[in-house]
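Now for the letters of each chain:
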There are 2 protein chains.
Amino acid sequence: MTAGNADVFAALASPVRRELTALLLSGPRSVNDLASHFEMSRPSVSEHLRVLRDAGLVSEERSGRLRLYRLEAEPLMEVSRWLSPYERFWRDRLAGLRELLDEENGDDHER
Amino acid sequence: MTAGNADVFAALASPVRRELTALLLSGPRSVNDLASHFEMSRPSVSEHLRVLRDAGLVSEERSGRLRLYRLEAEPLMEVSRWLSPYERFWRDRLAGLRELLDEENGDDHER
DNA sequence: TTGACATGTAGGAGATCTCCTACCTATTGT
DNA sequence: ACAATAGGTAGGAGATCTCCTACATGTCAA
């Protein structure tokens, strides 16, 4: 089970785990490297990494005695796909709002 | 405090709450209307709505003895903004993948 | 081989989540 | 005013989360 069966949103619900994914944006990192950015113990970071792994958000690659964690794109793309109907929703909303503003004052706006 | 102080990602971590926001895409709905789509008790749905409200994802408007819950765009836009660096990430990744495939097309590999 | 390092796992304490069943309040229709 | 309707809140049971400290495992260097 390398894949992501677990809930991606639940995995991203923790600020710690979001920071972990942010750290991994710049490339793969070892556990100790990642853990050094937090106050909490290294084993706790390890557990957060497991949650991310179970959600498919990261993968691990062994390299000697290091384990490099790497960000995986697919689950994030899922989030993006989930978001798209809502993007349409707020675009419509903003369009409606602008219409309203336009008709409420005939002034010309800058920009 | 109508605004969303609570964690949007945590609010979206629950499948029930994601389904609630999906239901609200088509427009404002009352609590009973929303609750009718779930197996769980109405008070439990009410609590989920509170979590969404605390995150700013929905707002409530009283209309007689009904309370209409309405989807709010702003927190979803925050999610979208959070996502954008990752979008860049996976685009780069896909671009790299295509490059790799293109150059593998030239020579023949086994399989 | 031995020691040092990198990391995962076990087990547990305490906090939080999720659901329930009462119960309370506000609004509407008669 | 009274009953019915809509919906929030209290309190609690059980599950899950989050963190910790040991401890186990695997790898490298001497």
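Here, the structure is the one placed above.
Residues numbered from 1 in each chain as written. Chains lettered and ligands numbered in written order. Predicted model: local features only at pLDDT ≥ 70, side-chain atom pairs only at ≥ 80, totals over all residues. Heavy atoms only, no water.

The next thing to look at is the pairing of strand β2 (residues 58-63) of chain A. Residues and elements named next belong to chain A. In the sheet, β2 pairs with strand β3 (residues 66-71) via six bridges, with the strands oriented antiparallel. The residue bridging Val58 from the neighbouring strand is Leu71, located in β3. Following β2, the chain reverses through two residues before pairing antiparallel with β3; Gly64 in that reversal takes a positive phi of roughly 65°. (Pairing = 2+ DSSP bridges. Helix = DSSP H or I, 4+ residues; strand = E, 2+ residues; numbered from the N terminus.)

Of all residues adjacent to DNA strand C, which total 23 residues, the nearest are Asn32, Ser46 and Tyr69 of chain A together with Ser44 and His48 of chain B. Protein-proximal atoms of DNA strand C, defined as those within 4 Å of the protein, fall in sugar or phosphate at a share of 62%. Arg42 of chain A places a polar side-chain atom, nitrogen or oxygen, 3.1 Å from a base oxygen of DNA strand C. One nitrogen or oxygen atom from the side chain of Ser44 of chain B is found 2.7 Å from a phosphate oxygen belonging to DNA strand C. Of all the secondary-structure elements, those providing two or more residues to the surface near DNA strand C are α3 (31-35), α4 (42-54) and β3 of chain A together with α4 (42-54) of chain B. In terms of residue class, the surface near DNA strand C is made up of six nonpolar, eight polar and nine charged. (Near = heavy atom within 4 Å. Polar contact = N/O pair within 3.5 Å; in protein donor to acceptor, adjacent residues only side chain to side chain. Nonpolar A, V, L, I, M, F, W, Y, C, P; charged D, E, K, R; others polar.)

What follows covers the environment of Leu83 of chain A. Structurally, the position occupied by Leu83 of chain A is in helix α5 (residues 74-104). With near-sequence residues (within four places) excluded, Leu83 of chain A lies in contact with Leu76, Val79, Ser80 and Leu83 of chain B. (Contact = heavy atoms within 4.5 Å.)

A few words on the relation of the copies chain A and chain B. By a simple turn and slide, chain A fits onto chain B: the slide is 0.0 Å along the axis, the RMSD is 0.1 Å, and the turn is 180°. Such a combination of rotation and displacement between the chain copies is what one expects of a two-fold axis. Among all residues of chain A, the minimum C-alpha distance to the rotation axis is found for Ala13 of chain A, at 3.0 Å. Of the residues that chain A buries at the interface, 100% are likewise interface residues in chain B, meaning the two copies contact each other through the same surface. (Least-squares fit on C-alpha atoms with pLDDT ≥ 70 in both.)

Take the protein's contact with DNA strand D next. Neighbouring DNA strand D are 23 residues; Ser44 and His48 of chain A together with Asn32, Ser46 and Tyr69 of chain B lie closest to it. Interatomic distance of 3.1 Å between a side-chain N/O atom of Arg17 of chain A and a phosphate oxygen of DNA strand D. Contact distances for DNA strand D include 2.7 Å between a phosphate oxygen and a side-chain N or O atom of Tyr69 of chain B. At the level of elements, α4 of chain A together with α3 (31-35), α4 and β3 (66-71) of chain B are the ones that each hand at least two residues to the surface near DNA strand D. Considering each element in turn, the surface near DNA strand D owes the most residues, five residues, to α4 of chain B. Grouping the constituent residues of the surface near DNA strand D by class yields six nonpolar, eight polar and nine charged.

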